[in-house]
Structures are given as structure tokens and as C-alpha cells.
Number of protein chains: 2
Amino acid sequence: MSFSPLVEQLMESLRVLPGVGPKSAQRMAMHLLERDREGGRRLTSSLAEALECVGYCSRCRTLTEETTCTLCCSPRRDPSVLCVVESPADMLAFEEAGGFQGLYFVLHGHLSPLDGIGPEDIGLDQLEARLEEGGVEEIVLATNPTAEGEATAHYIATQLADREIRLSRLAYGMPMGGELEYVDGGTLSRAFTGRQPFQSD
Amino acid sequence: MSFSPLVEQLMESLRVLPGVGPKSAQRMAMHLLERDREGGRRLTSSLAEALECVGYCSRCRTLTEETTCTLCCSPRRDPSVLCVVESPADMLAFEEAGGFQGLYFVLHGHLSPLDGIGPEDIGLDQLEARLEEGGVEEIVLATNPTAEGEATAHYIATQLADREIRLSRLAYGMPMGGELEYVDGGTLSRAFTGRQPFQSD
Ligand SMILES: [Zn+2]
Ligand SMILES: [Zn+2]
């Protein structure tokens, strides 16, 4: 025996959410149908709207419903320093840590040849085009301190080697093998301040 | 700094789900927008469809998109025994435990005068109407073994006192103060088999 088809389908669909197993999915479906249909309807419309309208910023590729995000449009940011991160969440983590006044570039992942993820999949052609415009003097390669993040930083450094741009990497105050997004603000700040010139071996 | 308005709105809406705090909501929103928009769209349509079409069974009040649920329509169930439960999840727990061949009646909660939840809010008028039709010989009061569940069982027992219907309560093999939905199938089965005549003090 099971719930009715539409209830089962809802439980199945909820499992697309990270960390949600069969028992959590059932609890969530029951909560929405039994106790908070209004909240469920808000979730439906927020999700539909976000999936429909949220794309990438034309400049930094972060998630936004605007053509160009608020941060890229701000006259108070320094366009000569570009911080390259793997995800919008990493970008937010830097902003919450504070201290950085430059702009960002979001890769949405890292190079992963085995999964068929190459340079254009992480927007490196767009990064090159942006550098062609001139004005960028330093790039902080703030990919995760994981094997894939390191490899991606090295690849970008190699590609940019003959440009007149300073390359730096975050100082290792961060735990090795950790996910940047989950590092506390203080550690992130110190790592940023102590960033080092990039050495591609 | 924060994400764009639509992304923030999505994170806020995800917090309607039980057990989802700010950090989980962010992880879920990022997962849907960055890695699984197709899954997000399936969730949107499943949720919209369930909220629109899933209501209560006209007989047992469980959640279903049909007028009368599959179980209530089944000719293989014994209509002379009615098991009264607090939720559709409790009903499913009994079905998964197996052994019970009667029908159900779902209260969708319990009496809670302080929250303004009275007899009609848990469908007791509908239960009375159903008993008026005749044919029910035994009612198993399978509300949760909590103070509220006990009080609700006692209230129903009092209301039905002058009818020719046997009332029983689940045997206490169940942990006191526990939630029926989370009890393992074996314990539930034993509790059902060992059910006792109801004594209203
Ligand atoms: Zn931007
Ligand atoms: Zn039914």
C-alpha cells in the first residue's frame, strides 16, 4: 500500500532536494498537504519564477534575474581586481566576510575532463573576452582548495601567463580539502589578506 | 550583500519545509538553480498538481485525488471494523505493518481546545454520519499515545457510549509519548493484535 499517485509523485519529486531521503520527503509532503498549503503555493510560485527568470550575470556569471548584477553595476567596486570563484555561494561567502572591494567571475564548477567539463563549460572563453577589454590588473584565483580547484587554478594561470596581469591565490589559512563555502568569515578574510603571487610550478 | 531578489525569495520559500534552516535552504536553492533545473521543474509541477488536486477521501478522509480512495473502494476490506487515526501517515504505517483488514477514518489531528480545534475540525460529525449508516461493529481508537491523543480517544468514546459499537484501543506495546508514525511495523502489529476494550474511566 502507498499514498495516492499524486502524493507519491510529490514525495518522489521532493527527493531531488539535496539531503532529502524517503522519510524526509514523506514528512515534507505531509506537512505541505496537511498543515501549510499556503506555504506550499508560495514555494511553487517562487520556484517557478526563479527557474524561469534567474540566469547568469552578463559580466560575472553569478545567478541573477538581471542582465547585469547589482555588484557588477556598482560604481563603488574596483574593476581592476577580479576574484575567480567556483560558485555564487562562494562569492556570497566573500561578500559576507567583507574586505574585498573588487569584482568577481563565477565558474559554476571546475574543470573535470573525466566528466566532459572543459574550459568553455566554466566560462573561460568569457573570462578571456573580458580581459581583452583591459582594465584588469590582478586576478585572485579563489577556487576551492581541493584537487579539482587547484587544477582549475593552474589551468587558468597557464592560459593567462603571457598577459600583464598579477595572479594570486588565497593564502592557506583555509583547511586543505575543505569547501570554501563552509569556511568561517574570519578565516576567509585572513586568507584573502594574505593572498600570495601565483606560482605555476 | 545577498543573492538576487528571486534567489532570496526561493530560499525563503524553501524554509516552509520542516527541518529546513537558512543554510539548508541556500544549499537546496543552489542545487536546483546550478545543477538540476529539470528536477526543479518536476518539483514545481508535482507540487502545483498535488496542492490543486489532492483533497480528502469522502469516506475515510485520507489524502487522495480521488473522490473515494482505493482502500475505501476495495471489496476485500471488512467494513465492520473502523480504525481511527490522527493522520494519513499513521494509516500508511498500519498498512505497511499489515494484518488489519478493516477500514480507516482519518482525523487530521487531535482535539486541542486551546488552539480552537474542536470536534468538527477533526471530522467527528462526519464520523457520526458514517456510523448512522450502520454496519460498523468495532472502532479501534488508534490515536497517538500522547496526552492529546488519549484525550481525543476518550472524547470519541464518550460520544459513542450509547451506540452498540465495541470500542478498543491499541495495546501498549508502543512507547508512551511516542509518535505512532515512527513506530516499527512489528511493534505496531503486536499492539494491534493485542488491542483492548476501551474503558472511559
Ligand atoms: Zn555580475
Ligand atoms: Zn478512503
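This one's a predicted model, so the numbers in the text were calculated from it and none came from an experiment.

Chemist: In this structure, what is going on with the packing of helix α2 (residues 22-35) of chain A against helix α5 (residues 88-97) of chain B? I would like to understand it.
Modeler: Each pair of packed helices can be summarised by the angle the axes make with each other and by the distance between the axes. At a minimum axis separation of 10 Å, α2(A) and α5(B) run at an interaxial angle of 140 degrees. As far as their axial angle goes, α5(B) and α2(A) are oblique. Residues Gln26(A), Met30(A) and Glu34(A) of α2(A) form the contact with α5(B), whose participating residues are Pro88(B), Ala89(B) and Leu92(B). Across the contact of α2(A) with α5(B), the residue classes break down as four nonpolar, one polar and one charged.

Chemist: I tried to follow the packing of aromatic side chains on my own but got confused; where do I start?
Modeler: In this description, an aromatic ring pair is defined by two values, namely the gap between the centres and the angle between the planes. Residues and elements named next belong to chain A. Inspection of the entire model under this criterion finds three aromatic pairs over all chains. On the basis of an interplanar angle of 75 degrees and a centroid distance of 5.2 Å, the ring pair of Phe 100 and Tyr 104 is categorised as edge-to-face. Residue class for Phe 100 comes out buried when judged on its relative accessible area of 7%. A relative accessible area of 1% means that Tyr 104 is categorised as buried.

Chemist: Any chance you could explain the coordination of the zinc ion (ligand 1) here in plain terms?
Modeler: All names here are of chain A. At this site the zinc ion (ligand 1) is bound by Cys 57 (SG), Cys 60 (SG), Cys 69 (SG) and Cys 72 (SG), with donor distances of 2.3 Å. In this structure, the zinc ion (ligand 1) is coordinated by four donor atoms arranged in tetrahedral fashion, with angles at the metal of 105 to 117 degrees. Along the chain, the residues that donate to the zinc ion (ligand 1) are spaced as C-x2-C-x8-C-x2-C.

Chemist: Is there a simple way to explain the interface of chain B and chain A in this structure?
Modeler: When the parts of a complex come together, some accessible area is lost, and that lost area is often taken as the interface size. Of the residues lining the interface, 55 residues belong to chain B; the matching set on chain A comes to 56 residues. Taken together, both faces of the contact between chain B and chain A bury some 5,200 Å²; the carbon and sulfur share is 69%. In this assembly, chain B and chain A are joined by zero salt bridges. Between the two partners, chain B and chain A, sit 17 residue pairs in polar contact (both at pLDDT 80 or more). Of all the elements, helix α3 (residues 37-53) of chain B adds the most residues to the side of chain B that touches chain A, at 14 residues. Looking at the side of chain B that touches chain A residue by residue, the class counts come to 30 nonpolar, 13 polar and 12 charged.

Chemist: Is there a simple way to think about helix α5 (residues 88-97) of chain A in this case?
Modeler: A turn of α-helix holds 3.6 residues, and therefore any two residues three or four places apart point the same way. Residues and elements named next belong to chain A. Among the 10 residues in α5, eight count as buried, and that is most of the element. Considered for burial, the residues of α5 that qualify are Pro 88, Ala 89, Asp 90, Met 91, Leu 92, Ala 93, Phe 94 and Glu 95. Looking one or two residues beyond α5, the residue adopting positive phi is Gly 98, at roughly 80 degrees.

Chemist: Where do I start with the relation of the copies chain B and chain A in this structure?
Modeler: Between the two copies of this chain, the relationship is a rotation about some axis together with a displacement along it. Superposing chain B onto chain A requires a rotation of 180 degrees together with a translation of 0.0 Å along the rotation axis, leaving an RMSD of 0.0 Å. Accordingly, the operation relating the two chain copies is best matched by a two-fold axis. Judged by C-alpha distance, Thr44(B) is the residue of chain B that lies nearest the rotation axis, at 2.7 Å. Same-surface contact between copies: 100% of interface residues of chain B are shared with the interface of chain A.

Chemist: How should helix α6 (residues 124-132) of chain B be read in this particular structure?
Modeler: Residues and elements named next belong to chain B. By the burial criterion, the buried members of α6 are Leu 124, Leu 127, Arg 130 and Leu 131. The buried residues of α6 occupy one face: seen down the axis, they fall within an arc of 110 degrees. Looking at the buried positions of α6, the neighbouring elements they touch are β3 (81-85), β4 (103-106), β5 (138-141) and α7 (147-159). Gly 134 occupies a position one or two residues after α6 and carries a positive phi of about 85 degrees.

Chemist: Help me understand the coordination of the zinc ion (ligand 2), please; the structure alone is not making it clear to me.
Modeler: Metal coordination angles in their ideal form are 109.5 degrees for the four-donor tetrahedron and 90 or 180 degrees for the six-donor octahedron. Of the protein atoms, only Cys57(B) (SG), Cys60(B) (SG), Cys69(B) (SG) and Cys72(B) (SG) coordinate the zinc ion (ligand 2), at distances of 2.3 Å. Coordination at the zinc ion (ligand 2) comes from four donor atoms whose angles at the metal span 105 to 117 degrees, giving a geometry best classed as tetrahedral.

Chemist: Can you walk me through the nonpolar core in this structure?
Modeler: The nonpolar side chains of soluble globular proteins are, as a tendency, buried together. Judged by nonpolar contacts, the single largest core of 46 residues is most densely connected at Leu14(A), Leu17(A), Leu14(B) and Leu17(B). At the level of secondary structure, the elements contributing two or more residues to this core comprise α1 (5-14), α2, α3 (37-53) and α5 of chain A together with α1 (5-14), α2 (22-35), α3 and α5 of chain B. When near neighbours in sequence (up to four residues on either side) are disregarded, Leu17(A) contacts Leu14(B), Leu17(B), Met28(B), Leu32(B) and Leu43(B). Ranked by size, the runner-up nonpolar core spans 41 residues in total, among them Leu82(A), Met91(A), Ala142(A) and Leu188(A).

How each quantity is defined
Residues numbered from 1 in each chain as written. Chains lettered and ligands numbered in written order. Predicted model: local features only at pLDDT ≥ 70, side-chain atom pairs only at ≥ 80, totals over all residues. Heavy atoms only, no water. Axes fitted to C-alpha atoms, helices over the stretch in contact; angles between N-to-C directions. Helix = DSSP H or I, 4+ residues; strand = E, 2+ residues; numbered from the N terminus. Parallel < 35°, antiparallel > 145°, perpendicular 65-115°, else oblique. Contact = heavy atoms within 4.5 Å. Nonpolar A, V, L, I, M, F, W, Y, C, P; charged D, E, K, R; others polar. Phe/Tyr/Trp six-rings, centres within 6.5 Å; stacked < 30°, edge-to-face > 60°. Buried < 20%, exposed > 50% of the residue type's maximum accessible area, 1.4 Å probe, protein only. Donors = N, O, S within 2.8 Å, 3.2 Å for Na, K, Ca; no water. Tetrahedral: all angles 85-135°; square planar, octahedral: opposite > 155°, others 65-115°. Buried area = accessible area lost by both parts, 1.4 Å probe. Salt bridge = Lys/Arg side-chain N within 4 Å of Asp/Glu carboxyl O. Polar contact = N/O pair within 3.5 Å; in protein donor to acceptor, adjacent residues only side chain to side chain. Least-squares fit on C-alpha atoms with pLDDT ≥ 70 in both. Arc of directions from axis to C-beta. Core = buried A, V, L, I, M, F, W, Y, C linked by side-chain atoms within 4.5 Å.

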